[in-house]
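Single-letter residue listing:
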Amino acid sequence: MNVLIVGASAGLGRALAEEGARLGHNLLLVATDARDLASLQSDLTLRYQIRTAGMVCDLSDERNVIDGVVHAAELFGTDGIMFPVGVASDHDTGTLDEAAALRLMNVNFVKPSSIIAKLWPVLARRQSAFVTGFGSVAAIRGRSRNVVYSAAKRALTSYFESLCHMSTRTNIAVQLYQMGFIETQQTFGKKLLFPACTPSEAARYVWAKHGETGLWFFPAFWGLIDTILRSIPLSIYRKLDF
Ligand SMILES: NC(=O)c1ccc[n+]([C@@H]2O[C@H](COP(=O)([O-])OP(=O)(O)OC[C@H]3O[C@@H](n4cnc5c(N)ncnc54)[C@H](OP(=O)(O)O)[C@@H]3O)[C@@H](O)[C@H]2O)c1
């Protein structure tokens, strides 16, 4: 398949690119840094003899930056899209100013959903296609940290739920993974309440399921934590410090 990966240069995105290349898929890679993309592209092309292309795009930009990505995806013959893109901020404790909040909303929800909206008709014409998003367990319930990030990820989850409905009677498979902790730059040096998975474990799992439609937690034990956290009455939950 010809697969667009948005947020391909690091962490889970890089692992998805490596696993996708190993499986023989052609890859259009998007991130903010041209040098990161160029070295990843040449490495994957050399090792796996696949077709690659790179596209620099900063999704936090308020301007219309996605048209270039959409155009490149059409030219590439894209029939699958993955969105391992995401950004969080240590300052996101409830007092972010509008510009900073918009940057988080753009990267984590607005721009990915806008790209999907523009490419959905293209995917619908393919014999088989897929769209994969990555939410976060941070969105299970609001906390005093990652306030805007978790709101954006909750919006993304709701959006993917709708995509699952929209995809009925199409050949587009839709997946949303609510990710637990992953060993990447987002968790580096942080004390974690639960064990983290490696990016390559997650990437192998995601690629193995890319033709299915559904919303899942990864690792799966987060489904149980979700049930427990949601069952705690707000009067008690709001006193928990995490
Ligand atoms: N790590 C965790 O524990 C964890 C937990 C829950 C959910 N998640 C979610 O899982 C996904 C993967 O996370 P990760 O830890 O692998 O992330 P990561 O290591 O921080 O990598 C994020 C990727 O997104 C790209 N990116 C960031 N900001 C961008 C922007 N403004 N425009 C375009 N590309 C941008 C980065 O490229 P550049 O470096 O070029 O910006 C990088 O390729 C994300 O959606 C994340 O929110 C992660």
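Analysis parameters
- Residues numbered from 1 in each chain as written.
- Predicted model: local features only at pLDDT ≥ 70, side-chain atom pairs only at ≥ 80, totals over all residues.
- Near = placed C-beta within 6 Å.
- Helix = DSSP H or I, 4+ residues; strand = E, 2+ residues; numbered from the N terminus.
- Nonpolar A, V, L, I, M, F, W, Y, C, P; charged D, E, K, R; others polar.
- Buried ≥ 20, exposed ≤ 12 C-beta atoms within 10 Å, placed from the backbone.
- Pairing = 2+ DSSP bridges.
- Right-handed = clockwise from strand over helix to strand, strands pointing away.
- Core = buried A, V, L, I, M, F, W, Y, C linked by C-beta atoms within 7 Å.
- Contact = placed C-beta atoms within 7 Å.
- Axes fitted to C-alpha atoms, helices over the stretch in contact; angles between N-to-C directions.
- Parallel < 35°, antiparallel > 145°, perpendicular 65-115°, else oblique.
- Left-handed = near helix turned anticlockwise from the far one by under 90°.

Turning our attention to the site of the ligand. Within the structure, the ligand sits among 31 residues, and Gly7, Gly11, Ala31, Gly86 and Thr184 are positioned closest to it. Among the secondary structure elements, those contributing two or more residues to the shell around the ligand are helix H1 (11-22) and strand S5 (129-136). The biggest single contributor to the shell around the ligand is H1, with three residues. Here the residues of the shell around the ligand sort into 16 nonpolar, twelve polar and three charged.

Among the eight residues that make up strand S6 (residues 172-179), eight are buried, leaving the element largely enclosed by the rest of the structure. Where burial is concerned, the two faces of S6 agree: the one with Ile172, Val174, Leu176 and Gln178 and the one with Ala173, Gln175, Tyr177 and Met179 are both buried. As paired strands, S5 and S6 are joined by eight bridges and run parallel to one another. Residue pairing across strands places phenylalanine 130 opposite alanine 173, the latter belonging to S6. Read from S5 through helix H5 (residues 147-166) to S6, the crossover connection turns out right-handed. Here S6 runs beside strand S7 (residues 214-218); their pairing, made up of five bridges, is parallel. Looking at the pairing, tyrosine 177 lines up with tryptophan 216 of S7. Remark: the S6/helix H6 (residues 199-208)/S7 crossover connection has left-handed handedness.

Turning our attention to the nonpolar core. In summary, soluble globular proteins display a tendency toward joint burial of nonpolar side chains. Ile5, Ala17, Leu27 and Leu29 are the most contacted members of the largest nonpolar core, which has 62 residues in total. No other element matches helix H4 (residues 98-124), which puts eight residues into this core. Excluding its chain neighbours within four sequence positions, the residues that come into contact with alanine 17 are Ile5, Ala8, Leu27, Leu29, Leu40 and Leu44.

Attention now moves to the packing of H4 against H5. Between H4 and H5, the shortest axis-to-axis distance is 9 Å and the interhelical angle comes to 15 degrees. Classified by the angle their axes make, H4 and H5 are roughly parallel. Between H4 and H5 lies a crossing whose hand is right-handed. Seen from H4, the contacting residues are Ala101, Leu104, Met105, Asn108, Phe109, Pro112 and Ser113; seen from H5, they are Val148, Tyr149, Ala152, Lys153, Ala155, Leu156 and Tyr159.

Most of strand S1 (residues 2-6) is tucked away, with four of its five residues classed as buried. Examined bridge by bridge, S1 and strand S2 (residues 26-31) share five bridges and lie parallel to one another. When the sheet's bridge partners are listed, valine 6 is paired in S2 with valine 30. In terms of handedness, the path from S1 via H1 over to S2 forms a crossover that is right-handed. Bridge count for S1 against strand S4 (residues 80-83) is three bridges, and the pairing is parallel. Counted as the bridge partner of valine 3 is glycine 80 from S4.

This part is about the sheet that holds S1. The strand order across the open sheet built from seven strands is S3-S2-S1-S4-S5-S6-S7, with neighbouring strands paired in parallel fashion. The open sheet has two edge strands, strand S3 (52-56) and S7, and neither has a second partner. For this sheet the average axis-to-axis angle between neighbouring strands, irrespective of direction, equals 15 degrees. The sheet contacts of H5 involve S5, S6 and S7, and relative to S5 the element is tilted by about 150 degrees.

Relative to the helices and strands, aspartate 61 resides in the loop between S3 and helix H3 (66-76). For aspartate 61, a count of 14 C-beta atoms within 10 Å puts it in the partly exposed group. Along the backbone, aspartate 61 and arginine 103 are 42 residues apart, and their C-alpha atoms lie at a distance of 7.0 Å.

What follows is about the environment of arginine 51. Along the chain, arginine 51 turns up in the loop between helix H2 (34-48) and S3. With 13 C-beta atoms packed within 10 Å, arginine 51 lands in the partly exposed category. In the structure, arginine 51 is positioned 104 residues away from alanine 155 in sequence and 33 Å away in space, judged by C-alpha atoms.

From the geometry alone we can't say anything about function, so treat these as descriptive.
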